[in-house]
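Next come the chains, spelled out residue by residue.
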Amino acid sequence: MPRKLSTDDELLARLRTLTAQARERAEYQRSQVELAIALQRGMLPRNLPDTPRFHLAVRYAPATYGLNVGGDWYDAFTLPDGRIGLSIGDVQGHNIEAAAFMGQVRAGLRALASVTGEPGELLSRTNDLLITLGNDLFATCTFMRLDPETGVLESARAGHIPFVWATADGKSGIGEDEGGPPLGIEPGTEYPVSRFRLTTGGMFVLLTDGVVEGPSMNIEEGLDQVARLAGIAAVAGLEAHSLAAAVIKGAEQVGHEDDAAVLVMGHDGLDGTP
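Numbering of residues starts from 1 in every chain and runs along the sequence as written. Totals for whole chains, interfaces and linings use every residue, but because this is a predicted model, local features are given only for residues with pLDDT of at least 70 and side-chain atom pairs only at 80 or more, for both listing and counting. The basis for every side-chain value is the complete set of non-hydrogen atoms in the structure, without hydrogens or water.

### Here we look at helix 2 (residues 96-113)
Counted at 1.5 Å a residue, the expected span for helix 2 with its 18 residues is 26 Å, and the 26 Å between its end C-alpha atoms agrees. Accessible area is worked out with a 1.4 Å probe on protein chains only. A residue is then buried under 20% of its type maximum, exposed over 50%, and partly exposed in between. The way it works is that DSSP assigns letters per residue, a run of H or I at least four long becomes a helix, a run of E at least two long becomes a strand, and they are numbered from the N terminus. Among the residues of helix 2, those classed as buried are Ile 96, Ala 98, Ala 99, Phe 101, Met 102, Gly 103, Val 105, Arg 106, Gly 108, Leu 109, Leu 112 and Ala 113. In a helix, the anticipated span is given by 1.5 Å times the number of residues less one.

### Quick notes on the packing of aromatic side chains
For Phe, Tyr and Trp, where Trp contributes only its six-membered ring, two rings pair if their centres lie within 6.5 Å, and the inter-plane angle classes them as stacked under 30 degrees, edge-to-face over 60, or tilted in between. A complete count under the given rule lists 4 aromatic pairs for this structure. Here Phe 77 and Phe 143 contribute two aromatic rings whose centre-to-centre distance is 6.4 Å and whose plane-to-plane angle is 45 degrees, an arrangement assigned as tilted. Taken together, the residues span a long stretch of sequence, with Phe 77 in strand 2 (residues 73-78) and Phe 143 in strand 4 (residues 139-146) at a distance of 66 residues. Given a relative accessible area of 9%, Phe 77 falls into the buried group. Through pairs of rings, three or more aromatic residues link up here, namely Phe 163, Phe 196 and Phe 204.

### What about the packing of helix 4 (residues 219-236) against helix 5 (residues 240-250)?
Packing of helix 4 against helix 5 leaves a shortest axis separation of 10 Å and a crossing angle of 155 degrees. Judged by the angle between their axes, helix 4 and helix 5 are roughly antiparallel. Remark: the crossing between helix 4 and helix 5 carries right-handed chirality. Between helix 4 and helix 5, the residues in contact are Gln 225, Val 226, Leu 229, Ala 230 and Ala 233 and Leu 243, Ala 246, Val 247 and Gly 250, respectively. Under the grouping applied here, Gly and all other residues not named as nonpolar or charged are polar, the nonpolar ones being Ala, Val, Leu, Ile, Met, Phe, Trp, Tyr, Cys and Pro and the charged ones Asp, Glu, Lys and Arg. A per-class count over the contact of helix 4 with helix 5 returns 7 nonpolar, 2 polar and no charged. Note on definitions: angles span 0 to 180 degrees between N-to-C directions of axes, and those axes are lines fitted to C-alpha atoms, for helices only across the stretch in contact. Between 65 and 115 degrees an angle is taken as roughly perpendicular, under 35 as roughly parallel, over 145 as roughly antiparallel, and anywhere else as oblique. In this scheme the crossing of two helices becomes right-handed for a clockwise turn of the near helix relative to the far one and left-handed for an anticlockwise turn of less than a right angle. A contact between two residues is defined here by any heavy atoms of the two lying within 4.5 Å.

### With respect to the nonpolar core
By nonpolar core we mean a set of buried residues, namely Ala, Val, Leu, Ile, Met, Phe, Trp, Tyr and Cys, connected to one another through side-chain atoms within 4.5 Å. Core analysis: the biggest nonpolar cluster contains 25 residues, and Val 205, Leu 207, Val 211, Val 212, Leu 243 and Val 262 have the highest contact counts within it. Listed by contribution, the elements that provide at least two residues to this core are strand 6 (164-166), strand 9 (203-207), helix 4, helix 5 and strand 10 (260-267). The dominant element in this core, judged by the number of residues it contributes, is helix 4, at 7 residues. In this structure Leu 243 touches Met 203, Val 205, Leu 229, Ala 230, Ala 233 and Val 264, once residues within four positions along its chain are discounted. Listed in part, the 22 residues of the second largest apolar core include Phe 77, Val 91, Leu 109 and Leu 112.

None of the figures reported here should be taken as evidence of function without further support.
If you want it as structure tokens, here you go:
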């Protein structure tokens, strides 16, 4: 006659079952995170445009807390007319779907930029394209077009946080350009374009909110911190990659649980062009 399990035996058996289930869930979640990170890294550009007098530098830090792997991205590429297209953005959500949607947004921007590099029109077309895909997600984004001959930057912003600027004389600040709503929400949206000039020794910093906002710091304080760093870097004549490294290092202070991406443009004017 089989022995009847005691209460302790039943509890131990139940505990072993729960432990095995928890281990399976943890393994599944870890694989999801690893897949999302691999997806993100595979979609980010391997090379940046090489333009005389203008230098680009990027830094990217994926979230390391739980499943908070999102869809932050940066991109830089040469447009058909020789100007440089620059984008940075953040997809709503923190999962594989967000990372995959990020790839759609980035690919859409690149594809449509072959038709029009004008930032406002490009964001409008990308917005309409994303809406036709029927996805419930949305993305914030800044797209800039740099003319290497003149240093003129044209910028349009779709719900994204503002950029930071600095000049060689020590001035720095936060961009005050007018923006529109995030991509993928309202069809037929128009995005205003603002124009700036990147002068010799100057720097522009594009970033995602994981760099400047978190449990330990609000977004205003974070942006001010980046502006101070940019001002110091410009006065000291530091290269773009040094500022990018300093900004991503400073992101540790916000206690963020999100991805963090930084794209820096610097103008050295070493060829003597006024």
